[in-house]
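One letter stands for each residue in the lines below.
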Amino acid sequence: MFGGFILLKICLSLCCSKVTDNAKNSLASLKRKNPRLEPTLAIIQAHNDQLTQEANKNLAKEIGLRVIHICLPEGSTKDEIVIEILRLNEDPNVQGLALDLPESLCSSKVLNAVKPEKDVDGLSSVNLGRLVHGDVCDCLVPPTVCAVMELLEDIGGKKVLLVGTHGAEGAALQSVLQRRGAAVLSCHWGAPQLQSELRHADAVVFGSAKPHDVPVSCTKPGATVINCARDPLPEKHSYGQQNNPAAEKTVGSLAVAMRMQNMVKNMERWIQSQQYRKWDLHSLKLQPVSPVPSDIEISRAQSPKAVDVLAKEIGLLTDEIEIYGQTKAKVRLSLLERLKDQPDGKYVLVAGITPTPLGEGKSTVTVGLVQALTAHLNINSFACLRQPSQGPTFGVKGGAAGGGYAQVIPMEEFNLHLTGDIHAITAANNLLAAAIDARILHENTQSDKSLYTRLVPMVNGVRGFSAIQLARLRRLGINKTDPRTLTEEEISKFVRLDIDPSTITWQRVVDTNDRFLRRITVGQANTEKGFVRQAQFDIAVASEIMAILALTTSLQDMKERLGRMVVANDKKGQPVTAEDLGVTGALAVLMKDAIKPTLMQTLEGTPVFVHAGPFANIAHGNSSVLADKIALKLVGEKGFVVTEAGFGADIGMEKFFNIKCRASGLVPSVVVLVATVRALKMHGGGPNVTAGAPLKKEYTEENLQLVADGCCNLQKQIQITQLFGVPVVVALNVFKTDSPAELDLVCKIAKESGAFDAVPCHHWSAGGKGAVKLAQAVEKAANQKTSFKYLYSLELPIVEKIRIIAQKVYGAQDIELSPAAQSQVDRYTRQGFGNLPICMAKTHLSLSHQPERKGVPTGFILPISDVRASIGAGFIYPLVGTMSTMPGLPTRPCFYDIDLDPITEQVKGLF
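Fair warning: this is a prediction, and the values are worked out from it, not measured in the lab.

Draft legend 1. Quick look at the overall build of the protein. Secondary structure assignment for the protein yields 32 helices and 34 strands. Over its C-alpha atoms, taken along the principal directions, the protein stretches across nearly 110 × 80 × 55 Å. For the protein, the proportion of its 911 residues judged to be buried stands at 56%. Put simply, 74% of the contacts in the protein that link residues at least 6 apart link residues at least 24 apart. On the protein, roughly 38,300 Å² of surface is accessible, and the fraction owed to carbon and sulfur atoms is 52%. Across the protein, 98 positive and 91 negative side-chain charges occur, with their mean positions spaced 3 Å apart.

Draft legend 2. View of the packing of aromatic side chains. According to the stated counting rule, one finds 13 aromatic pairs in the structure shown. Considering the side-chain rings of Y347 and F656, the 5.6 Å spacing of their centres and the 50 degrees angle between planes classify their relative orientation as tilted. Residue Y347 is located in strand β11 (residues 346-352), and its partner F656 is located in helix α24 (residues 649-664); the two are separated by 309 residues in the primary sequence. Look at Y347 and you get buried, because its relative accessible area is 2%. Seen from their ring centres, F657 and F724 are 4.5 Å apart, and the 35 degrees between their planes marks the pair as tilted. Note that F657 is positioned in helix α24 and F724 in the loop between α27 (704-722) and β27 (728-733), a separation of 67 residues in sequence. F724 shares its class with F657; the two are buried.

Draft legend 3. Fine view of the environment of A612. Secondary-structure assignment places A612 in the loop between β24 (607-610) and α23 (625-635). For A612, a relative accessible area of 1% gives the class buried. Considering only alpha carbons, one finds A612 and A550, 62 residues apart in sequence, at a separation of 5.3 Å. The residues touching A612, leaving out its near neighbours within four places in the chain, are L385, R386, Q387, M546, L549, A550, S623 and S624.

Draft legend 4. How the structure looks around α24. For α24, built from 16 residues, the straight-helix expectation of 22 Å at 1.5 Å per residue is missed by more than 12%, its first-to-last C-alpha distance being only 19 Å. In the structure, α24 departs most strongly from a straight axis at F656, where the bend amounts to approximately 35 degrees. Along α24, 14 of the 16 residues are buried, which leaves the element largely enclosed by surrounding structure. G665, located one to two residues past α24, shows a positive phi value of around 75 degrees.

Draft legend 5. Layout of the pairing of strand β1 (residues 40-45). Of all six residues that make up β1, six are buried, and the element is covered over most of its length. Every second residue of β1 is oriented toward a common face, with T40, A42 and I44 on one face and L41, I43 and Q45 on the other, all of them buried. Pairing between β1 and strand β3 (residues 96-100): five bridges, direction parallel. Paired with I43 across the strands is A98, a residue of β3.

Draft legend 6. Quick peek at the sheet that holds β1. As summarised here, the arrangement of the three strands in space is β2-β1-β3, forming an open sheet in which the pairing is parallel. At either end of the open sheet lies a strand with only one pairing partner, and these are β2 (66-71) and β3. Between one strand axis and the next, the sheet turns by 20 degrees as a mean value, whatever way the strands run. Pairing analysis gives six bridges linking β1 to β2, with the strands arranged parallel. Its bridge partner lying in β2, A42 is registered against I68.

Draft legend 7. Seen up close, the pairing of strand β7 (residues 224-227). Across the two faces of β7 the burial is the same, with T224 and I226 and V225 and N227 all buried. With four bridges connecting them, strand β6 (residues 203-206) and β7 associate as parallel partners. Within β7, the residue paired with V204 across the bridge is V225.

Draft legend 8. Highlighting the pattern of salt bridges. Per the counting criterion, the structure on display carries 40 salt bridges. Residue R496 pairs with D448 through a salt bridge whose shortest N-O separation is 2.7 Å. A residue pair is termed long-range when its members are at least 10 positions apart, and R496 in the loop between α19 (488-495) and β17 (508-510) and D448 in helix α17 (residues 448-455) qualify at 48 residues. The partly exposed category is assigned to D448, whose relative accessible area is 25%. Close ionic contact of K480 with E490 constitutes a salt bridge, the shortest N to O distance being 2.9 Å.

Draft legend 9. How the structure looks around the environment of V132. Mapping V132 onto the fold places it in helix α5 (residues 125-132). If near-sequence neighbours (up to four positions away) are discounted, V132 is found in contact with S175 and R179.

Draft legend 10. Region of the structure containing the nonpolar core. Counting residues in each nonpolar core, the largest one holds 89 residues, and the members touching the most others are F382, L599, F609, L634, F657, L714 and L862. With eight residues, helix α31 (residues 798-810) is the single largest residue contributor to this core. The residues contacting F657, other than those within four sequence positions of it, are L349, R662, P668, V671, F724, V726, F788 and Y790. Among the nonpolar cores identified, the runner-up in size contains 71 residues, and I81, L101, L105 and A113 belong to it.

Draft legend 11. Representation of a nonpolar patch on the surface in the model. A cluster of nonpolar residues, L889, F895 and Y896, forms a patch on the protein surface that exposes about 300 Å² of accessible area. Looking at the secondary structure, you find Y896 in the loop between β32 (875-879) and β33 (899-900).

Draft legend 12. Seen up close, the state of the cysteines. Using the criterion set out here, one finds zero disulfides in the structure. Take C71: it sits in no disulfide, and the sulfur closest to it among the cysteines is that of C106, at 16 Å.

Draft legend 13. Region of the structure containing the packing of helix α16 (residues 421-445) against helix α22 (residues 584-591). Contact geometry for α16 and α22: axes closest at 8 Å, N-to-C directions at 165 degrees. With respect to each other, α16 and α22 are oriented roughly antiparallel. When the axes of α16 and α22 are compared, the crossing they make is right-handed. Facing A424, I425, A427, A428, L431 and L432 of α16, the residues of α22 in contact are A586, L587, L590 and M591. Classifying every residue of the contact of α16 with α22 gives ten nonpolar, no polar and no charged.

Draft legend 14. Main features of the side chain of T354. Counting through the fold element by element, T354 comes out in the loop between β11 and α13 (362-376). Within the structure, the side chain of T354 is placed 3.1 Å from the side chain of N713, a separation counted as a polar contact. Beyond its immediate sequence surroundings of up to four residues, T354 is in contact with D650, A679, H683, N713, Q717, H844, L845, S846 and L847.

Draft legend 15. Here's a closer look at helix α3 (residues 78-89). The end-to-end C-alpha distance of α3, which contains twelve residues, comes to 16 Å, matching closely the 16 Å that a straight helix rising 1.5 Å per residue would cover. For α3, the full list of buried residues reads I81, V82, E84, I85, L88 and N89. Buried residues of α3, viewed axially, fall in a sector of 160 degrees; they line one side. Its buried side turned inward, α3 meets β1, β2, β3 and α4 (108-111).

Draft legend 16. Seen up close, the packing of α27 against helix α28 (residues 740-752). Direction vectors running N to C along α27 and α28 enclose 35 degrees, while the axes themselves pass 10 Å from each other. Of the two elements, α27 crosses α28, and the hand of that crossing is right-handed. Residues L704, V707, A708, C711, L714, Q715 and I718 of α27 lie in contact with α28, whose contacting residues are A741, E742, L745, V746, I749 and A750.

Draft legend 17. Structural view of the side chain of N658. Structurally, the position occupied by N658 is in helix α24. Apart from the residues within four sequence positions on either side, N658 is in contact with F724, Y790, L791, Y792 and P837.

Here is what the cut-offs are and how they apply
- Residues numbered from 1 in each chain as written.
- Predicted model: local features only at pLDDT ≥ 70, side-chain atom pairs only at ≥ 80, totals over all residues.
- Heavy atoms only, no water.
- Helix = DSSP H or I, 4+ residues; strand = E, 2+ residues; numbered from the N terminus.
- Buried < 20%, exposed > 50% of the residue type's maximum accessible area, 1.4 Å probe, protein only.
- Contact = heavy atoms within 4.5 Å.
- Areas by Shrake-Rupley, 256 points an atom, 1.4 Å probe, with all protein chains shown as cover.
- Lys, Arg positive; Asp, Glu negative; His and termini not counted.
- Charge placed at Lys NZ, Arg CZ, Asp CG, Glu CD.
- Phe/Tyr/Trp six-rings, centres within 6.5 Å; stacked < 30°, edge-to-face > 60°.
- Expected span 1.5 Å × (residues − 1).
- Bend = angle between axes of the 7 residues up to and from the residue.
- Pairing = 2+ DSSP bridges.
- Axes fitted to C-alpha atoms, helices over the stretch in contact; angles between N-to-C directions.
- Salt bridge = Lys/Arg side-chain N within 4 Å of Asp/Glu carboxyl O.
- Core = buried A, V, L, I, M, F, W, Y, C linked by side-chain atoms within 4.5 Å.
- Patch = residues over 30% accessible without salt bridge, like charges linked within 9 Å, V, L, I, M, F, W, Y side chains within 5 Å.
- Disulfide = S-S within 2.5 Å.
- Parallel < 35°, antiparallel > 145°, perpendicular 65-115°, else oblique.
- Left-handed = near helix turned anticlockwise from the far one by under 90°.
- Nonpolar A, V, L, I, M, F, W, Y, C, P; charged D, E, K, R; others polar.
- Polar contact = N/O pair within 3.5 Å; in protein donor to acceptor, adjacent residues only side chain to side chain.
- Arc of directions from axis to C-beta.

Following this line, the structure appears as structure tokens:
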């Protein structure tokens, strides 16, 4: 008997070694393919079991796994355990989660709190359901069950008795045994037939410790007896084996090895889940009606998918989204690391001809195009749009979600607060503005010593510099870390920014059209001790922080850009930055969620990113680089990302290429140039178009001559696109007043002028179906060879870069700088900012600086009244004439029509 026990121990040891070696080799193979892989298993214990803990640690170390033991106090409640489980579920550094708990705590509430994808023990209802239904590839067999099956020999047709097995583990064991062909009978310890069944069973599995008052007679000679009790590691139990040649097998250490093997399998599944996933997108059906209802009626008639459903359809992982309500979610930047080896899709820019004040429908074309690509041609596509400011939403312009049957839904959420990004920008911008004025006040009213004492205070008897203060010391050439060692001269240099109030360029912002904030006076309270200066408010989207959000490529890059923002000059003419004010870290904290793009959907259920909304005049007018980069990974190599540039191609597209593409490193595949018959008629000499006023008959009746004359603007915009070496497809946005002859004429002239194709589009009235021909043209154009190039070298002087844009893009004869503009150019050049790209701030209503000059003006001198810089965003912006950064409300603003139903809580009157 003693020899049999030794033999059994050897058998168990060999089984353990085999499982351990297999797991070790499998994990080593995974790590060779994924060198940065750090598989981590978290084990929650709520009792003091040193033997099990040591077994887990030793085997994990041998295999190459990292184990974290969370030892909760004995007596912990189920709710306390669930809280810990939920915390570990959300920890991206933990890939597996196991529970070592007393049976009394292993309730379904506790077991099901574990995320199925982290359930190494395989005891959650999701995992168990897959196992029972035979979906073995999609589940993990519980370690104890694996150990039992490893110890049992061929059991097909044999009788297996389960004693004291219950719950999830018992159900799993019974299911696996039956699938192997065994006849399974289950008994509890107090069952009257237990003695009889023990004598007839070919194998007996004890699922729990035998009660002391339950006698167990000898089992059938030769029967296999396996003990799965919760405390099997000492391997000391023997139930009725004294006169039985069959020795009892315990699963303790083997079950631990099986748990580690499950963890390695889980890692294989986890790695697979991190790979690019093919889309499984189900589009929403549209039922267009005529006449076309209002935008909000169309939006409300469609039932959007839950955003987590959409996210899963396009391959986003559950830990990559942060859900806001039912229809919006932030997408985490970690996706870029996960899909870094995934090839990008095709990159499409939607631009336009010089527009009328009514706009020509670039957003509508963008949405219609992706609806056509994905919902009708089954091609992965993503639209990337700017977030609209609430100022124009309540003012005069309206929203920017597209329109008709080509829009983003829910459109009221798109056009209002969205996920709070603009509010975050407002808070960050105004914190910096407050820091500027406060610093000037404190420097004006305190000595160097007093300033130093307050800037570097004593905390718990110790004075120390913060990280950002140490960085300032290094920039000043003071390589000291002990505040006590600075000389008086060094202290003065450190505490004095000496900001020249007359040079402050940083303004406060608010996301409301308020003309009375265009010029204000600050500091009039007595507490500000006479420090009064003139200032102004800008609209929130005009903040440089918005431009930074749109151009940044990572959290670290955003933080560095925020620190580089120049807010003023000191009295020696040197730039003063946000980093000098010590506010960079705080700004980054306020912006840490705003940097994540917001996922929404079109009317046909295709994905949209809404992110950033910089002004298209003093900034570059494009949505974010990060949204584009994430979307390009998600659509896959054959997919399309369609983004939009503000205003006409001469402004938005030129900035997209020369500023945004330099920041992102991305190369566009196609430009879609949006035109309308009414805009071309205006450029051909038609009467002025005014928002809100009825269109004159020239725009509602066929007039081929006006159209032909106005096509000069379309031809010029095609030529501008060709300067960058990118193929162009003209999208003719059709209105019901356009005649077939007018549409044919525009398409003919566009193709003769170098467009790859020109297509009439009916997406506004028909949804994606009305833009299928455009989508097909874009797909063909994207396969053309491109020779993309920038318009100018960054090494050229600032004035020369301005001249190149003015002459080659706008058609100007030359430029003329005012003395103030020339002075600023000289200053920026001295300060080392001369190699930044140019962001021209001029009217969007003409190729020239004069809004009334339509068509293609020539022979004009472009006046540069001033030159400013957004150093953090990374561009110089010359002002062509005056440029308002705070819109005003008209006589009858949009808010007259906007209301809220207090019963249904639905928004009324929003477009």
